[in-house]
Amino acid sequence: MSAIIDLRSDTVSKPSDAMRRAMAEAEVGDDVFGDDPTVNRLEAMAAERAGKEAAVYVPSGTMANLISVMTHTQPGDEILLGDHCHIFNYEVAGAPRLAGVQTHPLPNLPGGGLDPAAVETAIREPNIHTPRNPLLCLENTHNRCGGAAVPLAEMDALTALAHGRGLAVHLDGARIFNAAAALGVTAARVARDCDTVSFCLSKGLGCPVGSLVCGPKEFIALARRNRKMLGGGMRQAGILAAAGIYALEHNIDRIHEDHENAALLAEGLGRHEVFHVRRPQTNIVVADIVRGTLAGWLQAFRREGVLAVAFGPARMRLVTHLNISRGDIEDALGRIARTAGAVPA
Ligand SMILES: *Cc1c(COP(=O)(O)O)cnc(C)c1O
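In this report, we go over the structure that sits alongside the text. The structure presented is a predicted model; accordingly, all values stated were derived computationally and were not measured.

The rules behind each value
- Residues numbered from 1 in each chain as written.
- Predicted model: local features only at pLDDT ≥ 70, side-chain atom pairs only at ≥ 80, totals over all residues.
- Heavy atoms only, no water.
- Buried < 20%, exposed > 50% of the residue type's maximum accessible area, 1.4 Å probe, protein only.
- Helix = DSSP H or I, 4+ residues; strand = E, 2+ residues; numbered from the N terminus.
- Pairing = 2+ DSSP bridges.
- Near = heavy atom within 4 Å.
- Polar contact = N/O pair within 3.5 Å; in protein donor to acceptor, adjacent residues only side chain to side chain.
- Areas by Shrake-Rupley, 256 points an atom, 1.4 Å probe, with all protein chains shown as cover.
- Nonpolar A, V, L, I, M, F, W, Y, C, P; charged D, E, K, R; others polar.

Some details on the pairing of strand β7 (residues 196–200)
β7 sits mainly inside the fold: five of its five residues count as buried. Residues of β7 alternate between two faces, with Thr196, Ser198 and Cys200 on one and Val197 and Phe199 on the opposite face, all of them buried. Looking at chain direction, β7 and strand β8 (residues 211–215) are connected through four bridges and run antiparallel. The partner of valine 197 across the bridge, within β8, is cysteine 214.

Let's talk about unusual backbone geometry
Look at the link from asparagine 140 to threonine 141: it is a cis peptide, with omega at 0 degrees. Looking at the element boundaries, threonine 141 is found in the loop between β5 (135–139) and α7 (152–164). With a phi angle near 55 degrees, valine 92 is a residue other than glycine that sits in the positive phi range. On the secondary structure map, valine 92 appears in the loop between α4 (86–89) and α5 (94–99). A positive phi is found at alanine 93, a non-glycine position, where the angle reads about 55 degrees.

Concerning the site of the ligand
All residues in the neighbourhood of the ligand are listed as Ser60, Gly61, Thr62, Asn65, His86, Glu91, Glu139, Asp172, Ala174, Arg175, Cys200 and Lys203. Interatomic distance of 2.6 Å between a side-chain N/O atom of threonine 62 and an oxygen atom of the ligand. Here lysine 203 contributes a side-chain N or O atom positioned 2.8 Å from an oxygen atom of the ligand. Taking 380 Å² as the accessible area of the ligand by itself, protein coverage stands at 85%. Ranked by residue count, the leading element in the shell around the ligand is helix α3 (residues 61–72), at three residues. Residues belonging to the shell around the ligand are distributed by class as follows: two nonpolar, five polar and five charged.

Set out below in structure tokens:
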């Protein structure tokens, strides 16, 4: 059996030998005391990349979003967000449960953005009956919208509207470097008018673990308290942060390769009439199944050593990442061709 081609997520990527060496050699200290020079350096680099004053290193993207929501709000507030966003769908309802906020989902547009008119309508008039609306959450790239890179003009319209009505904006930029590559700008430009932004090191950047929350200095100081409360204060975390530094230095410029591989994969999949595939904007390929069952297809792929995940009742998701080469995509397409006639209706 040839090697597994794992396209379930970009989170399955494994640290390279060079990244592991950087981790092994990291200078460390107790980060809860602020003493870990490697964490401090990663936080400074992340803040600079994001175009914000400061940053705090956290274990996961889920905790990054929860800390951000918690720090922007008080219990009993209401946050506005897209109905397909990660915070609303895939974070175990942490925002309502742990930050005590009500989530008000607005229909995401197919391109991952929101209709400004819908946002405008959703912002409540302050009175004795209504929850406060201190926060609008955006996501770029948008995972459930197929890795869509939300255009800057749309982001700018939404941030201007939110700020005009006194709302802060948090950007879930788990894949912000994919967005930046697709839009042809820096991550700092993507996040420019967002008050805070979180991003993952553990996806397209190839780290084993870690995310950052970036924003104004006073916000990050409060976020650090909330990180400690949630159990995210880590001690000699420089061992992990060293991977992040390595990734920021080496793994951003190559991200366009993942987008090229995703385009090649989408094109090849689309040649089979059973898969309806939209052209991907970044590293996420979404394929709708028009015959057979999703479970049947996923199993047939698996038998050929190609791993994908369910992404809806008749939809699968395949994600390219830095352990997947162009050759792997060609190989995967060859294996998929062997399954394409094989699944019963
Ligand atoms: C993966 C992801 C997260 C959460 O990241 P974890 O590290 O898996 O907790 C948040 N937002 C988006 C858009 C994601 O894709």
